[in-house]
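The residues making up each chain are set out below.
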Amino acid sequence: MLGLNKKDFNLLMVVVGLSLFAPFILNIFPKDSAMAFFNGGYPDLMQRFAIFGIFAIGFNILFGLTGYLSFGHAAFLGVGSYAAVWMFKLLGYNVVPGLILSVIVAGLLSVVIGYVSLRRSGIYFSILTLAFAQMMYSIAYSDLFGRWLGITLTNGETGLQVYSNDPQILLGENSPIVPHIFGLEMNARLTLPIGPWEFVFPVGYYFSALFLVLAFYLSIRIFRSPFGLMLRAVKSNNQRMTYTGLNPRPYTLAAFIISGMYAGLAGGLLASMDPLAGAERMYWTESGAVVIMTILGGVGTLIGPVLGAGTIKYMENIISKMNEKLLHEWFGFLPDSLEYSIVWVASWFTGEGWHMTQGVVFMLVIIFLPGGLVEGGQRLAARFGAKSNDTGKTAQPAE
Amino acid sequence: MGILEVKDVNKRFGGLQALGNVNLSVQENTVHAIIGPNGAGKSTLLNCLIGKLIPDTGSVMFDGQSVLGRLPYEINQMGISRVFQTPEIFGELNVMENMMISCFAKRDGAFRMQAMADMYREKEVVEKAEKMLEDMAMIDKRHDHTASMSRGDKRRLEIAMCLSQEPRLLLLDEPTAGMARADTNNTIDLLKQIKEDRDITIAIIEHDMHVVFSLAERITVLAQGTPLVEDTPDKIKGHPKVQEAYLGEAA
Ligand SMILES: Nc1ncnc2c1ncn2[C@@H]1O[C@H](COP(=O)(O)OP(=O)(O)O)[C@@H](O)[C@H]1O
Ligand SMILES: [Mg+2]
C-alpha cells in the first residue's frame, strides 16, 4: 500500500497513530495529580517532538545510510528559520510561503556546503561541516552580510523578528497577526477535559505532525529505493562502488541536500510556531544534538531518529524543569538527612543538570544497546516472543 | 592489436621501481595469465589498468582508447571489471543487495536518481541478479549477510558481481589464493564455464600453477616489475629463464 510493503506500511501506521493520539499518550496523568509533572502533552513540547523528529529523520538519511557524519546540520535548521521569518516580514503571517522558502534556501545552502565538504570523508568531512556551520553562526550572529549590504538580514544577536512596520504585503484587514495556515492560527487549540484529565489538541502540533508523517513516509521510500541502496553502498564500501562503475559523489551529495532540506523544513516549522529566528539555533551544540538524537534512537533504522528526538526533547523539557523545591516536595516524606542527600544527588541531574542525565542515558544506551532504542525494542520483542518488528536494518523483498 | 595494450609503463614507489617498462598485449577472447613471484608487481600492474594507480610514464589502451586520466568508475563503464586479491564486496549488505548494486550500475550507469521506486520492484534488475546467483549456485544464500561468509563464497560473489556487469575484460587477482583444493577446482570449472558461455577476455594473476596451466592460453612472466617472457603455456613450462626465476623457486 502507498508503494510500501506490509511491514513498512505498518510502521508508517504506527507513526500516524502515535502522532494522532500524542495528546492522549503524553497526557496520561490526570491534570491535578502529582505525576502530572511528567505529562509532555502541552503544545510547545509536542510541536518540538514533531519538528525535531523531522530534523532527525532527515539527518539519518545522510548519516544512517551513507555513514557521513555531518556536524553542521544546525546551519540548515537556522537558515530555514530565518527564511521563514523573512517571508512573514515581507508577505505576511501565512506559514506556507515561509516553509517553501525555508526548504529552498536550506537546499541551496546544502548544495554549497555539501559540494565542498564531501570532497573529504570521515573525520575531515565532519570537521568541514562543523567549520561551515560555525561560520554561518558567526555570520548570523554579527549580521555580517546584512552590514555589507547595509540592511538588516539576521538582526544579529537580537534575532530576526516581525515588526509592525514590516511590508507584509499580503496582510489583509482581518488577517491574523500570528502565524497561521490560511487563517487557521497556529497557536489555536482545542482543550478537552475528561474527568480529571485534560487533553490539548493544538493546531500547530497537528500541522507539524502532518509534516512528520510525510517526512517519515518519504524516508521509507528512500530507504527502499535503488537510490537508498546506493547510499548504503557508499557506507559499506566506497572503493568497490567506484570499481563497479558507480560514482559515489553525486549520490552522497544528493543525500546531503535531501537531509539539508529536511533540516530547513524543521527550521521553518520552528519559526512557524514562534515567529523568531536567532543565531543560537545554528550553534554547534544544536548540530551535536541531532547526532545524539539519531544515535540514541538507532542510526540507520527508520523509526529510531523519531524515538531519539522524542526522548531528548522530553528530557530537555521535563527534567530541566525539576528544581530543588520540587525535589524537596517529592522526597519530603523521607527523614530529613536522607531527603537532603537524595535531593543533593538528584539536583546534579535535574534542572540545569539535565545534560548530565542526557549524557548518562546516552552512554548507557551506546554501551549496552549499540543499536539504540530500536535495538532495545527488538530485544524486548524477542524476549517476549513477539515477532521482531524490524525497523529498516534489513530490507526484505516485497512479496 | 589486442583489446588491452600496455606500453612502456613505469611505476615507482619512492625508491622502489615496482613496474619497469612493462609491455603487454592481451588479445580479445583469450585467457591471459600473468605470473611471477611475490612482489613482482602484478597487483600494481592491475591497479594501473583500473585507475587505482596512475603510471608514471607509458600508456594503457583499452579497445583503442586510453584509460589514463579516467576515473575508476569511468574505466569500469568502458568494460573492465576487476576481482581483487582480498575480496572487495559490500560487507554490511546481503548477497542479493550486493548483486543488485552491480546490476543497477550496469543498467543505470554511474549515477541515476531513483529515490521513490521500490528496488525489489525493478523487475529486470531483480531477475538478472537472481539469474546470476543461480548460475553461480548461490541462490540459497541470497539473504545471507556477506560479512559472515567464507572467503570462497565472497570471492564467488565478487566474480558474480563483476560478471553481471558484462565486462569485455575481466581482471582476476589471485582468485584462488587461500582456497582449499576443492574450492580451487570449482573456481577453475567456473572460470572455464564463464569463458565458454560468453565473449569475454580474462586476464588472471595466479600463483597456483595448476590453475594457470588449466586456464591460460598465453602467459606473461613478470619478475621485479619487468616482463621476462611471454608465450604459450607449453613453451613457458620448458623455458629455462622461467624455471630459474619462478617455477624453480616455487618447486
Ligand atoms: N601503494 C604502494 N605503496 C608502496 N609500495 C607499494 C604499493 N603497492 C605495492 N607496493 C610495492 O610494490 C611491489 C610490488 O607489489 P605488488 O604489485 O603488490 O606485487 P605482487 O602482486 O606481484 O605480489 C612490492 O614491493 C610492494 O611492496
Ligand atoms: Mg598481488
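### A short note on the coordination of the magnesium ion (ligand 2)
Residues and elements named next belong to chain B. Every protein donor of the magnesium ion (ligand 2) is listed here as Ser43 (OG) and Gln85 (OE1), and their distances to the metal cover 2.0 to 2.4 Å. Remark: glutamine 85 occurs in the loop between strand S6 (80-83) and helix H3 (95-108) and serine 43 occurs in helix H1 (residues 42-49); sequence separation between them is 42 residues. Assessed through its relative accessible area of 23%, serine 43 is described here as partly exposed. The class of glutamine 85 is partly exposed, set by a relative accessible area of 31%.

### Description of the state of the cysteines
Residues and elements named next belong to chain B. For the structure shown, the criterion picks out zero disulfides over all chains. You can see cysteine 103 has no disulfide; the closest cysteine sulfur is in cysteine 162, sitting 12 Å from it. For cysteine 103, a relative accessible area of 2% puts it in the buried group.

### Overview of helix H14 (residues 336-349) of chain A
All names here are of chain A. If you check H14, its first and last C-alpha atoms are 20 Å apart, about what 14 residues at 1.5 Å a residue would give, namely 20 Å. Taken together, the buried positions of H14 are occupied by Glu339, Val343 and Ala346. Buried residues in H14, looked at end-on, bunch into an arc of 70°, giving them a common side. Summarising the geometry of H14, the exposed residues directed more than 90 degrees from the buried face are Ser337 and Trp344. Of the surrounding secondary structure, the elements contacted by the buried residues of H14 are helix H13 (324-331). With its phi angle positive at about 60°, glycine 351 sits one or two positions after the end of H14.

### What to know about helix H1 (residues 6-25) of chain A
Since the α-helix turns once every 3.6 residues, residues separated by three or four places project in the same direction. Residues and elements named next belong to chain A. Roughly 40° is the biggest bend found in H1, and it falls at serine 19, with proline proline 23 one to four residues downstream. Every buried residue of H1 is accounted for by Asp8, Phe9, Leu11, Leu12, Val15, Ser19, Ala22 and Pro23. Lining the buried residues of H1 we find helix H2 (43-66), strand S5 (197-202) and helix H7 (203-223). One side-chain oxygen of the residue at the start of H1 lies 3.1 Å from the amide nitrogen of lysine 7, identifying that residue as asparagine 5.

### Comments concerning the packing of aromatic side chains
All names here are of chain A. Considering all chains together, one arrives at 23 aromatic pairs over all chains under this definition. Here the aromatic rings of tyrosine 68 and phenylalanine 125 are separated by 5.0 Å at their centres, their planes lie at 85°, and the arrangement is edge-to-face. Of this pair, tyrosine 68 sits in the loop between H2 and helix H3 (74-90) while phenylalanine 125 sits in helix H5 (residues 122-142), and the two are 57 residues apart along the sequence. Taken individually, tyrosine 68 and phenylalanine 125 each receive the classification buried, so the pair is uniform in this respect. An aromatic cluster is defined as three or more aromatic residues linked by ring pairs; in this entry it consists of Phe21, Phe24, Phe199, Phe201, Tyr205 and Tyr206. In this arrangement the basic side chain of lysine 321 is found over the ring face of phenylalanine 37, its NZ or CZ atom lying 5.5 Å from the centre.

### Points about a nonpolar patch on the surface
On the surface, A:Val14, A:Leu18, A:Leu20, A:Phe21, A:Phe24, A:Ile25, A:Leu192, A:Ile194 and A:Trp197 cluster together into a nonpolar patch covering about 750 Å² of accessible area. Every element with two or more residues in the nonpolar patch is listed here: H1 and strand S4 (189-194) of chain A.

### Section: the site of ligand 1
All names here are of chain B. Around ligand 1 sit Phe13, Leu16, Ala18, Asn38, Gly39, Ala40, Gly41, Lys42, Ser43 and Thr44, and those are all the residues in its vicinity. Between ligand 1 and glycine 39 there is a distance of 2.8 Å, counted from an oxygen atom to a backbone nitrogen or oxygen. A distance of 2.8 Å is found between an oxygen atom of ligand 1 and a backbone nitrogen or oxygen belonging to lysine 42. About the coverage of ligand 1: the protein hides 59% of its 560 Å² of free accessible area. Grouping the amino acids of the shell around ligand 1 by side-chain chemistry returns four nonpolar, five polar and one charged.

Rules used in this analysis
- Residues numbered from 1 in each chain as written.
- Chains lettered and ligands numbered in written order.
- Predicted model: local features only at pLDDT ≥ 70, side-chain atom pairs only at ≥ 80, totals over all residues.
- Heavy atoms only, no water.
- Donors = N, O, S within 2.8 Å, 3.2 Å for Na, K, Ca; no water.
- Helix = DSSP H or I, 4+ residues; strand = E, 2+ residues; numbered from the N terminus.
- Buried < 20%, exposed > 50% of the residue type's maximum accessible area, 1.4 Å probe, protein only.
- Disulfide = S-S within 2.5 Å.
- Expected span 1.5 Å × (residues − 1).
- Arc of directions from axis to C-beta.
- Contact = heavy atoms within 4.5 Å.
- Bend = angle between axes of the 7 residues up to and from the residue.
- Polar contact = N/O pair within 3.5 Å; in protein donor to acceptor, adjacent residues only side chain to side chain.
- Phe/Tyr/Trp six-rings, centres within 6.5 Å; stacked < 30°, edge-to-face > 60°.
- Lys NZ or Arg CZ within 6 Å of the ring centre and 35° of its normal.
- Patch = residues over 30% accessible without salt bridge, like charges linked within 9 Å, V, L, I, M, F, W, Y side chains within 5 Å.
- Areas by Shrake-Rupley, 256 points an atom, 1.4 Å probe, with all protein chains shown as cover.
- Salt bridge = Lys/Arg side-chain N within 4 Å of Asp/Glu carboxyl O.
- Near = heavy atom within 4 Å.
- Nonpolar A, V, L, I, M, F, W, Y, C, P; charged D, E, K, R; others polar.

It is worth stressing that arrangement in space is one thing and function is another; only the former is reported here.
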